[in-house]
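Observations on chain architecture
One letter stands for each residue in the lines below.
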Amino acid sequence: MKNDFEGLPFRPADILLPQNCDMTLWSVVACDQYTSQPEYWQRVEERVGRAPSALRLILPESCLEGPSVETDIMEINNTMTRYLREGVFAEYPNSLFYVERTLSSGKVRRGLVGMVDLEQYDYEPGAVSMIRATEGTVLSRIPPRVAVRKNAPLELPHVMLLADDRERRVIEPLALETSEMEPLYGFALMEQGGRVRGWRLNAVQMARIARELGRLADPAAFEEKYGVQNRPLLLFAVGDGNHSLATAKECYERRKRLTRPEQWPNLPSRYALAELCSLHDESLEFEPIHRLLTGLDPRGLVEDLCAAFPGAFEGEGEGHVLRYFHGYTQGAVTVPHPDARLPVATLQGFLDGWLSEHSQADIDYIHGEDVARELAARPRAIAFLLPPMDKEELFPTVIHDGVLPRKTFSMGRAQDKRFYLEARKIRI
C-alpha cells in the first residue's frame, strides 16, 4: 500500500482508537475553541470526571498562559504514557478512516483520516509546497504549543485539510461503500457537538483514494483548473488547525537537526494526523471569525480606527464597512477605497498596529455573532463583526495572492469543530 501513495502528501497511518471506554466522555472539542468562555471547559471537566478522556491528553488554549502550565504539560505527557501502558488504545496499522460527522445543523460532513507528510507542508508566506496554510501564522503562538508537543508520545488531531475536488471523486463515493468497510464507532458528541461515525477502509478503497489524489496532483490538470502556468502545485489547503500543524512541523524540524538525513523518512514526527475534507462538501460552510477587543476604551478605539484611514467615517457607505458592538451600542466605520481586498484584512492590519501601541488591550477571535455580541456587552470591550467569505475563492486566492489574513474564516461554529478521537504515536 505504501507504493500507492508514493510522492503524495497524504497517506495511511498507524491509528490508535480508545477501547473499552465511554466514547461520549473520551471525545472533546479542539483545544483552540471557547478561549473566552472558561465555563465551557469547566463543564467538560465536570462531565468527564475520572473517566479516560482525550481531555487529559490536550491543553485548552485558554490554559497556555496559566500559572501551572508546565505542571499541566508534564501531567499530560504522564497520562499519555500511562494510557499506552494500560492498553487504553487499540492500534489499526496502515489505515485510513472514513468519518461522517453530523453537525448541529443536521448536515453531514464527510472526511478521511490519515497522516500528512510534513516535508510537503509549509506555513511560511510565499510557500510553494503541496500543502499550504490559508491564513497568516502567528509565530508567537508556536513556542507554547511546541512545549506541549515536544516530549509527548502521542498526537491527537484537530487539523482539517481541504481538497478542491470539484468532481467529488475522492471522498464522496465512500458514503455508498460503508458496508464494505470495518465499522469502528458511532456515538453522540458532548456539548451540542452532534454525532460522529467512523469506518476503516479496505485495501481496494485505499488504492482508489491514492489514484484519485494522484489525479488531483497532476500538474497539467492543476494548470487547466486554475488557468495558471508555471505555478507550484497546491493540493491541500489547511482549513482548520494551521497553528497545530505548524507546531508539528517545527517539532519535526528540531528532530531532523538531531538525526542523520537517511533516517528522516522513518521519523514518526515527520508525519501528522489530519482529516481530509472536500471543499465542495455541502455541509462545509465558511463562517466569519469576529474580533473581540478587551481592556480598552471602545470609543477611543473607534476614533483611532477612523483616523487611521484617509476619508474613513462613522456610518455605512461605499468601501469596507466594519460593524461593531460595545455595551448596548452598535455602529460601523466605513473605509473608502481600501488597499486590501477583504474587510478582514483592512481591520486586522489596523488592529495589529494599534495593539502594538496599547499593550493593556487583548484580542480574541470569536466564532458566532451571538457570542461576540454577548462578550462585547461586558465593560471595556468591543466586538467587530465581519462578513463571510465565499469558499470558492479560497484556492485561487492562496495560489495567486498567498495566505489570507489570519482568522479570515471558520469552517463552521465552535461546536462543529473537529473533536479529538484518534491518536498516533509520534515518538519511538
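Now for a look at the structure at hand. Remember, it's a predicted structure, so these values are computed and weren't measured experimentally.

What to know about the nonpolar core
Leu161 and Leu394 are the most contacted members of the largest nonpolar core, which totals 62 residues. For Leu394, the residues in contact, after removing those within four places along its chain, are Thr134, Leu162, Ala237, Leu279, Phe286, Met389, Leu404 and Phe409. Counting residues in each nonpolar core, the second largest holds 51 residues, with Leu64, Tyr83, Phe419 and Ala423 among its members.

A closer look at the pairing of strand E14 (residues 286–294)
Counting buried positions over the 9 residues of E14 gives 7, a clear majority of the element. Pairing geometry for E14 and strand E20 (residues 409–411), over 3 bridges, is antiparallel. Paired with Phe286 across the two strands is Met411, which belongs to E20. Relative to strand E18 (residues 362–367), E14 runs antiparallel, the two being bridged by 6 bridges. Within the sheet, the bridge partner assigned to His290 lies in E18 and is Ile366. Sheet topology note: the E14/strand E19 (residues 381–385) ladder contains 4 bridges and is antiparallel.

As for the pattern of salt bridges
Side chains that differ in charge, positive against negative, can pair when their charged atoms come close. This structure, assessed with the given rule, holds 31 salt bridges. Across the salt bridge formed by Glu253 and Lys256, the nearest N and O atoms sit 3.5 Å from each other. Of this pair, Glu253 and Lys256 are both found in helix H7 (residues 242–256), 3 residues apart, which corresponds to roughly one turn of the helix. By relative accessible area, which is 22% here, Glu253 ends up partly exposed. Lys256 sits in the buried class, given a relative accessible area of 11%. In the salt-bridge network here, residues are joined through shared partners; they are Asp165, Glu167, Arg169, Glu212 and Arg215.

Examining helix H9 (residues 343–357)
In a regular helix each residue adds 1.5 Å, so 15 residues correspond to 21 Å; H9 covers 22 Å between its end C-alpha atoms and thus fits that length. Of all the positions in H9, only Pro343, Val344, Thr346, Leu347, Gln348, Phe350, Leu351, Trp354 and Leu355 are classed as buried. Looking at the packing, one finds that the buried side of H9 touches E14, helix H8 (298–308), strand E16 (320–326), strand E17 (329–335), E18 and E19.

Re helix H2 (residues 38–48)
Buried within H2 we find Tyr40, Trp41, Val44 and Val48. Buried residues in H2, looked at end-on, bunch into an arc of 90 degrees, giving them a common side. Exposed and facing more than 90 degrees away from the buried side of H2 are Pro38 and Glu46. Phi turns positive, to about 60 degrees, at Gly49, one or two residues after H2.

Regarding the environment of Val138
Positionally, Val138 belongs in the loop between strand E7 (131–133) and helix H4 (142–149). On a C-alpha basis, the gap between Val138 and Asn20 in space is 39 Å, while along the polypeptide they are 118 residues apart. The residues contacting Val138, other than those within four sequence positions of it, are His243 and Arg406.

What to know about the side chain of Asp117
If you trace the backbone, Asp117 turns up in strand E5 (residues 108–117). On the basis of relative accessibility, which here comes to 3%, the residue Asp117 falls in the buried class. Excluding residues that lie within four positions of it along the chain, Asp117 makes contacts with Pro9, Arg11, Ile131, Arg270 and Tyr271.

Focus: unusual backbone geometry
The phi dihedral of Tyr34 falls on the positive side, at around 60 degrees, and the residue is not glycine. Inspection of the secondary structure assignment puts Tyr34 in the loop between helix H1 (23–26) and H2. Phi is positive for Asn94, which is not a glycine, with a value near 45 degrees. One can find Asn94 in strand E3 (residues 89–95). Owing to a relative accessible area of 36%, Asn94 belongs among the partly exposed residues under this scheme.

Details of the packing of aromatic side chains
Scanning all chains against the criterion turns up 14 aromatic pairs. Ring centres 3.7 Å apart and planes at 5 degrees place the aromatic pair Tyr34 and Tyr40 in the stacked group. Pair check on accessibility: Tyr34 and Tyr40 agree, each one buried. Residues Tyr92 and Phe97 carry aromatic rings whose centres are separated by 5.7 Å and whose planes lie at 85 degrees to one another, so their mutual orientation is edge-to-face. Among the aromatic residues, those joined into a ring-pair cluster are Trp26, Tyr83 and Phe89. Taking NZ or CZ as reference, Lys256 lies 4.5 Å from the ring centre of Trp264, over its face.

Calculation criteria
- Residues numbered from 1 in each chain as written.
- Predicted model: local features only at pLDDT ≥ 70, side-chain atom pairs only at ≥ 80, totals over all residues.
- Heavy atoms only, no water.
- Core = buried A, V, L, I, M, F, W, Y, C linked by side-chain atoms within 4.5 Å.
- Buried < 20%, exposed > 50% of the residue type's maximum accessible area, 1.4 Å probe, protein only.
- Contact = heavy atoms within 4.5 Å.
- Helix = DSSP H or I, 4+ residues; strand = E, 2+ residues; numbered from the N terminus.
- Pairing = 2+ DSSP bridges.
- Salt bridge = Lys/Arg side-chain N within 4 Å of Asp/Glu carboxyl O.
- Expected span 1.5 Å × (residues − 1).
- Arc of directions from axis to C-beta.
- Phe/Tyr/Trp six-rings, centres within 6.5 Å; stacked < 30°, edge-to-face > 60°.
- Lys NZ or Arg CZ within 6 Å of the ring centre and 35° of its normal.

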